[in-house]
Amino acid sequence: MLIAAIESSCDENSVAVMRDGRLLAVHTRTQTIHQQFGGVVPELAGRSHLELVDPLTQSALESAGVGVHDLDLFAATVGPGLIGSLLVGASYARGLATALAKPFRGINHVEAHLWSGELEGDPIELPFLVLLVSGGHSLLIEVEDLRHYRVLGTTLDDALGEAYDKVGKLVGLKFPAGADVDRIAASGNRKSFPFPTPLPDASFNFSFSGLKTAFLYKLRAMSDGDKAAVVPDLLASFQEAALTSVIMKMRRAVEEVRPRALVVAGGVAANSSLRAKVSDLGGEFGIPCRFPALKFCGDNAAMIAYLCHKLESAGIADPPAVVRPQWSLDALPARSHAS
Ligand code: KG4
Ligand code: ZN
């Protein structure tokens, strides 16, 4: 089965072509227009998707060496995400499907991230634990099987990537700041500023806004001259507190769920320190870890195509969905099978 999939839920426009679960091409463009505003501007994201979706689809098909008439099925992210952005990708894919009399499938973006660890390797042994951390999500989820998910924890305020972006902004870094914070923190001393570990309670939930505020107060108390010298230490200390909290929650989840594998997905999965800490955790419990390649960590259409392939292979056909800007995993359709 030859699938074309589109991802346009936020500021990445991505098109993938997949045959029988094997990725033939994925073309992803991250919109840069938002940098000057320090965050994603929904209206501008939608307009940019409008410009990108058709040329990106053409180039992905060309790279895959297939024509539009060869495609068996069209898929697109239909939620959660920004309504205007979702509408562009989903309407485009649905339009093609209708014109070519082929099926269209609406895919849940978060569910697609859960399976992104399989894009480059064998199926992951079940149950596995996923830490999904991006600019919009911080979730700890147990995957028991396809369509059997248990959300263990979420963030009570900012997402982890959002916290990276906000502290980065405070020290003058460009949006999105996560990768720069990661790089600069590597040269700092993580013990210089012992920030309290956020939300050290027994729940699996996260909270990062208090840490961001503590960071702000520490910065405000310094003279401009001091600030420049200690930015790497400050960022390293912020990262240490944030990731200590993440690993603390993950460790408890490992003890409760006893998963067969750990997966880290979402844009923050690119973080070197997080990868090292999760690897250590996996090593301690003898559990293998999967870190998707960088191009599959962030938002991308390969994961949309792959989930679509998995659902088709399992005979799961969801009722047709218009876009759903808010669509939690708990609200996914039950495993209704195609007749
Ligand atoms: O998944 P993603 O591409 O888009 C969504 O947010 O949905 O994730 C982007 C987020 C941004 O907050 C960015 O700053 C963060 O991932 N990020 C990182 C790193 N690379 C990207 N955060 C920490 N360390 C990194 N190396
Ligand atoms: Zn995402």
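Above this text you will find the structure in question.
Residues numbered from 1 in each chain as written. Chains lettered and ligands numbered in written order. Predicted model: local features only at pLDDT ≥ 70, side-chain atom pairs only at ≥ 80, totals over all residues. Heavy atoms only, no water.

Visitor: Is there a simple way to think about helix H10 (residues 301-313) in this case?
Guide: For the α-helix, the turn length of 3.6 residues means that residues three or four positions removed from each other point alike. In this model H10 runs 18 Å from its N-terminal to its C-terminal C-alpha over 13 residues, within 8% of the 18 Å that 1.5 Å per residue would give. Along H10, the residues that are buried comprise Ala-301, Ala-302, Met-303, Ile-304, Ala-305, Tyr-306, Leu-307, Cys-308, His-309, Lys-310 and Leu-311. Measuring from the side-chain oxygen of the N-cap residue of H10 to the backbone nitrogen of Ala-302 gives 3.0 Å; that N-cap residue is Asn-300. (Helix = DSSP H or I, 4+ residues; strand = E, 2+ residues; numbered from the N terminus. Expected span 1.5 Å × (residues − 1). Buried < 20%, exposed > 50% of the residue type's maximum accessible area, 1.4 Å probe, protein only. Polar contact = N/O pair within 3.5 Å; in protein donor to acceptor, adjacent residues only side chain to side chain.)

Visitor: Looking at this structure, I do not really get the pattern of salt bridges. What am I missing?
Guide: Two side chains that carry opposite charge are able to pair once their charged atoms sit near each other. Considering all chains together, one arrives at 17 salt bridges under this definition. Glu-162 is the partner of Lys-166 in a salt bridge, and the nearest nitrogen-oxygen pair spans 3.3 Å. With Lys-166 and Glu-162 both in helix H4 (residues 160-170), this residue pair falls 4 residues apart, about one helical turn. For the salt bridge of Glu-284 with Arg-251, the shortest nitrogen-to-oxygen distance reads 2.5 Å. In this pair, Glu-284 sits in helix H8 (residues 272-285) while Arg-251 sits in helix H7 (residues 224-257), placing the two residues 33 residues apart along the sequence. (Salt bridge = Lys/Arg side-chain N within 4 Å of Asp/Glu carboxyl O.)

Visitor: I keep staring at the layout of surface pockets and nothing clicks. Help me out?
Guide: Think of a ball as big as a water molecule: rolled over the atoms, this probe shows where empty space is left. Its volume calculated, the second largest pocket comes out at about 240 Å³. In terms of lining, the second largest pocket is formed by 16 residues, of which the most central are Gly-106, Asp-318, Pro-319, Pro-320 and Ala-321. Put simply, the parts of the chain that give the lining of the second largest pocket at least two residues each are strand S5 (104-108) and H10. Of the residues forming the lining of the second largest pocket, the biggest block, 4 residues, is contributed by S5. Considered class by class, the residues forming the lining of the second largest pocket number 10 nonpolar, 1 polar and 5 charged. (1 Å grid on protein atoms, 1.4 Å probe; cavity = no way out; pocket = protein on both sides within 12 Å on 5 of 7 lines; lining within 4 Å. Points joined across faces, edges and corners; volume = space filled by probe spheres on them. Nonpolar A, V, L, I, M, F, W, Y, C, P; charged D, E, K, R; others polar.)

Visitor: Please explain the pairing of strand S1 (residues 2-7) as it appears in this structure.
Guide: Two faces, one strand: in a regular strand the side chains alternate between the faces of the sheet. By the criterion of burial, S1 is predominantly enclosed, with 6 of the 6 residues buried. Where burial is concerned, the two faces of S1 agree: the one with Leu-2, Ala-4 and Ile-6 and the one with Ile-3, Ala-5 and Glu-7 are both buried. With 6 bridges joining them, S1 and strand S2 (residues 12-19) adopt antiparallel strand pairing. Within S2, the residue paired with Ala-4 across the bridge is Val-17. (Pairing = 2+ DSSP bridges.)

Visitor: When you look at the site of ligand 1 in this model, what are you seeing that I'm missing?
Guide: In the vicinity of ligand 1 lie 19 residues, with Gly-135, Asp-165, Gly-178, Gly-267 and Asn-271 positioned nearest. Take Gly-161: an N or O atom from its main chain is 3.2 Å from an oxygen atom of ligand 1. The contact in question runs from an oxygen atom of ligand 1 to an N or O atom on the backbone of Gly-178, over 2.9 Å. The fraction of the free accessible surface of ligand 1 (550 Å²) that becomes covered by protein chains is 86%. (Near = heavy atom within 4 Å. Areas by Shrake-Rupley, 256 points an atom, 1.4 Å probe, with all protein chains shown as cover.)

Visitor: Honestly, empty space enclosed by the protein in this entry has me stumped. Any pointers?
Guide: Tallied over the full model, the rule gives 1 cavity of 30 Å³ or more. Each pocket or cavity is described by its volume, and for the largest cavity that value is around 40 Å³. Forming the boundary of the largest cavity are Ala-4, Ile-6, Val-15, Thr-57, Phe-74, Tyr-92, Ala-93 and Leu-96. For the lining of the largest cavity, the secondary-structure elements that each account for two or more residues are S1 and helix H2 (83-99). No other element matches the 3 residues that H2 contributes to the lining of the largest cavity. Taken together, the residues of the lining of the largest cavity sort by class into 7 nonpolar, 1 polar and no charged.

Visitor: Sorry if this is basic, but what is going on with the nonpolar core here?
Guide: Soluble, globular proteins show a tendency: their nonpolar side chains are buried together. By size, the foremost hydrophobic cluster in this structure holds 64 residues, and its most contacted members are Trp-115 and Tyr-149. Among the elements that take part in this core, H10 stands out by supplying 9 residues, more than any other. Here this core gathers at least three residues from each of two domains, domain 1 (2-114 + 295-331) and domain 2 (126-291). Residues contacting Tyr-149, with those up to four places away along its chain left out, are Glu-111, Leu-114, Trp-115, Ile-141, Glu-142, Val-143, Leu-329 and Leu-332. Val-181, Ile-247, Val-257 and Leu-274 belong to the second-largest nonpolar core, a separate cluster that totals 46 residues. (Core = buried A, V, L, I, M, F, W, Y, C linked by side-chain atoms within 4.5 Å. Domains from an automatic or database assignment. Contact = heavy atoms within 4.5 Å.)

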